[in-house]
Amino acid sequence: ITTLSDIVMDLALAQTSSWLRDGHAVQVAVNLSARYLHHLDLPDRVFEALTRYEVPARLLRLELTESALIADPAKALSILERLHDGGVSLSIDDFGTGYSSMSYLKRLPVDELKVDRSFVGGMITSAEDAALVRSVVDLGHNLGMEVVAEGVEDPLTTTALAELKCDVA
């Protein structure tokens, strides 16, 4: 998985570099596997790739799942702090489907919280899903994060998310 993750990172940053040369500063998101996240040299690999492709760190967003964090929270926190301190944006993907503790969430240097599509897709027809989405939006905002709703497929859901002040659908 490490080799595949390096290839994906290279492809994403090569494309970002191309867009940048064409005058488009577009942030790219790359999913991190749990195994890749726990490599102590991950920040060095990321910063080396950013330098190689001449991409500013602010144009890279790394996405990780809750389950990737709980395998070794102390190690993950250390690695994520190095990445964040270096200017890389961090996102928790599929929030609400894993087993993370609120105590870890408040300590992580995360910029973005992504509400899982399984809740977003049902928020119009299910009071429980609507309550969960509302709670995650409020939680993310209260922790200073941008909140993204995944799996938005209709105008009613878009409107409901706008009313909740969700940042991105």
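Everything below is about the structure printed above this text.
Residues numbered from 1 in each chain as written. Predicted model: local features only at pLDDT ≥ 70, side-chain atom pairs only at ≥ 80, totals over all residues. Heavy atoms only, no water.

### Notes on the overall build of the protein
From N to C terminus, the protein includes nine helices and five strands. Taken from N to C terminus, the helices and strands of the protein fall in the order α-β-α-α-β-α-α-β-α-β-α-α-β-α. Oriented by its inertia axes, the alpha-carbon framework of the protein measures out at about 50 × 40 × 25 Å. Here the protein holds 169 residues, and 43% of them are scored as buried. Carbon and sulfur atoms form 53% of the exposed surface of the protein, whose accessible area is close to 8600 Å². (Helix = DSSP H or I, 4+ residues; strand = E, 2+ residues; numbered from the N terminus. Buried < 20%, exposed > 50% of the residue type's maximum accessible area, 1.4 Å probe, protein only. Areas by Shrake-Rupley, 256 points an atom, 1.4 Å probe, with all protein chains shown as cover.)

### Concerning the side chain of S17
Counting through the fold element by element, S17 comes out in helix α1 (residues 2-21). By relative accessible area, S17 is classed as buried at 6%. Those residues in contact with S17 that sit more than four places away from it in its chain are Y53 and V55. (Contact = heavy atoms within 4.5 Å.)

### A look at α1
With 20 residues, α1 should reach 28 Å at 1.5 Å per residue; the first-to-last C-alpha distance of 28 Å fits that figure. Here α1 has its buried residues at T2, S5, M9, A12, L13, T16 and S17. All buried residues of α1 lie within an arc of 140 degrees about the axis, which places them on one face of the element. For α1, exposure combined with an orientation more than 90 degrees from the buried face picks out T3, L11 and R21. On the buried face of α1, the contacting elements are β1 (28-31), α2 (34-37), α3 (42-52) and β2 (60-65). In the segment just after α1, G23 is the residue with positive phi, at about 90 degrees. (Expected span 1.5 Å × (residues − 1). Arc of directions from axis to C-beta.)

### Quick notes on the sheet that holds strand β3 (residues 89-95)
The strand order across the open sheet formed by five strands is β1-β2-β3-β4-β5, and the pairing between neighbours is parallel. Strands with a single pairing partner mark the edges of an open sheet, and in this sheet they are β1 and β5 (146-149). With direction set aside, neighbouring strand axes in the sheet form an average angle of 25 degrees. One ladder, built from five bridges, connects β2 with β3; its direction is parallel. In the strand pairing of β3, R61 is matched with S89. (Pairing = 2+ DSSP bridges. Axes fitted to C-alpha atoms, helices over the stretch in contact; angles between N-to-C directions.)

### Some words on unusual backbone geometry
For E54, which is not glycine, the phi dihedral falls at a positive 55 degrees. Mapped onto the elements of the fold, E54 is located in the loop between α3 and β2. Of note in this structure, K165 is not a glycine but carries a positive phi near 65 degrees. On the secondary structure map, K165 appears in the segment after α9 (155-163).

### Overview of the environment of L20
Along the chain, L20 falls in helix α1. Residue classification places L20 among the partly exposed residues on the basis of a relative accessible area of 27%. Sequence-wise, L20 and E54 are 34 residues apart; in three dimensions their C-alpha atoms are separated by 9.1 Å. Ignoring any residue separated from it by four or fewer positions in sequence, one finds L20 in contact with A25, E54, V55, P56 and L59.

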